[in-house]
Amino acid sequence: KAGVTQTPRYLIKTRGQQVTLSCSPISGHRSVSWYQQTPGQGLQFLFEYFSETQRNKGNFPGRFSGRQFSNSRSEMNVSTLELGDSALYLCASSLGGARDTQYFGPGTRLTVL
Amino acid sequence: DAKTTQPPSMDCAEGRAANLPCNHSTISGNEYVYWYRQIHSQGPQYIIHGLKNNETNEMASLIITEDRKSSTLILPHATLRDTAVYYCIVRPSNDYKLSFGAGTTVTVRA
């Protein structure tokens, strides 16, 4: 079974721009979670989607948003990029239950100049 | 959420067992212990999880103390490819997110 895939793998943007990242979960998985990893803050939870609905949300500003499609694929969007948004963005998929294991993708490395 | 304490770093010799400790003294009865690892700049890789019984899979063994206040991840025969940051996470059974700490940087030396 194919793993979690994320596109693009690398991205360079400038301040003020917006960006959209994509995540395709493992086949059959209905939950997609997004995390941000920076050297200073480590791995932090952004939000989680299940059945096209945001079910959980972390403590990030409204510039960070996401959505999930009927095939469980998910996108996250960051508007008005700031230098501090430079990070590795990771998505993880699971079957959807609270006890189900999350499996991570390789991540998208975003650099904001 | 219960907090975890892990040593910041540890070395181990290739071919030997690596024993990674984790302290979670405030763990609650419905909280699971999860282990992930992250090889440089890759996505975290799931290793193993458990509630109160010891668990073993093809990658590792998880030993949880009887009082559940600490656990040990055992990599039976460490290889150079096991060099990574290892995260011990305590996750409530009703929580959909994973809360990562700083982890333990494990360096396997030839």
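The rules behind these values
Residues numbered from 1 in each chain as written. Chains lettered and ligands numbered in written order. Predicted model: local features only at pLDDT ≥ 70, side-chain atom pairs only at ≥ 80, totals over all residues. Heavy atoms only, no water. Helix = DSSP H or I, 4+ residues; strand = E, 2+ residues; numbered from the N terminus. Rg over C-alpha atoms; globule rule 2.2 N^0.38 Å. Buried < 20%, exposed > 50% of the residue type's maximum accessible area, 1.4 Å probe, protein only. Contact = heavy atoms within 4.5 Å. Areas by Shrake-Rupley, 256 points an atom, 1.4 Å probe, with all protein chains shown as cover. Salt bridge = Lys/Arg side-chain N within 4 Å of Asp/Glu carboxyl O. Disulfide = S-S within 2.5 Å. Pairing = 2+ DSSP bridges. Axes fitted to C-alpha atoms, helices over the stretch in contact; angles between N-to-C directions.

Undergrad: What am I meant to see in the overall build of chain A here?
TA: A tally of regular secondary structure across chain A gives zero helices and eleven strands. When the elements of chain A are put in sequence order from the N terminus, they spell out β-β-β-β-β-β-β-β-β-β-β. Radius of gyration (C-alpha) of chain A: 13 Å, near the 13 Å computed for a compact globule of 113 residues. For the C-alpha atoms alone, the extent of chain A along its principal axes is close to 35 × 25 × 25 Å. Going through the 113 residues of chain A one by one, you find that 48% of them count as buried. In chain A, 54% of the contacts between residues at least 6 apart in sequence involve partners at least 24 apart. Surface exposure of chain A reaches about 5,300 Å², of which carbon and sulfur atoms provide 48%.

Undergrad: Please explain the overall build of chain B as it appears in this structure.
TA: Check the secondary structure of chain B and you find zero helices and nine strands. When its helices and strands are written in sequence order, chain B yields β-β-β-β-β-β-β-β-β. Considered along the principal axes of its C-alpha atoms, chain B spans approximately 40 × 30 × 25 Å. The buried share among the 110 residues of chain B stands at 45%. The contacts in chain B between residues at least 6 apart in sequence include a share of 55% that link residues at least 24 apart.

Undergrad: Even after reading the chapter, I still don't get the pattern of salt bridges, so can you show me in this structure?
TA: A side chain with one charge can pair with a side chain of the opposite charge if their charged atoms come near. Within this structure, the stated rule accounts for eight salt bridges over all chains. In this structure, the salt-bridge partner of R73(A) is E75(A), at a minimum N-O distance of 3.3 Å. Note on E75(A): relative accessible area 16%, which makes it buried. R37(B) is the salt-bridge partner of D82(B), the closest N and O atoms lying 2.7 Å from each other. Residue D82(B) is found in the loop between β7 (70–75) and β8 (84–92), and its partner R37(B) is found in strand β3 (residues 31–38); the two are separated by 45 residues along the sequence. Sharing partners across several salt bridges, the network here consists of R63(A), E82(A) and D85(A).

Undergrad: Hey, could you run me through the state of the cysteines in this one?
TA: By definition, a disulfide links the sulfur atoms of two cysteines through a covalent bond. Using the criterion set out here, one finds two disulfides over all chains in the structure. Two residues share a disulfide in this structure: C23(A) and C91(A), whose sulfurs sit 1.9 Å from each other. Between C23(A) and C91(A), the S-S dihedral sits near 70°, and the bridge is therefore right-handed. One end of the pair, C23(A), is in strand β3 (residues 19–24); the other, C91(A), is in strand β9 (residues 87–94), with 68 residues separating them in the sequence. A single burial state applies to C23(A) and to C91(A), both of which are buried. The side chain of C22(B) participates in a disulfide bridge whose partner is C88(B); the two sulfur atoms lie 2.1 Å from each other. Between C22(B) and C88(B), the S-S torsion sits near -85°, and that sign places the bridge as left-handed. With C22(B) in strand β2 (residues 18–23) and C88(B) in strand β8, this pair connects stretches of sequence that are 66 residues apart.

Undergrad: Whenever I open this one, the sheet that holds β3(B) confuses me. Can you help?
TA: The strands making up a sheet are joined through hydrogen bonds of the backbone, oriented either antiparallel or parallel. All names here are of chain B. Within the open sheet, the five strands sit side by side as β1-β9-β8-β3-β4. Their pairing is mixed. Both edges of this open sheet fall to β1 (9–13) and β4 (45–50), since each of them pairs with a single strand only. For this sheet, the mean inter-axis angle between neighbouring strands, taken without regard to orientation, is 25°.

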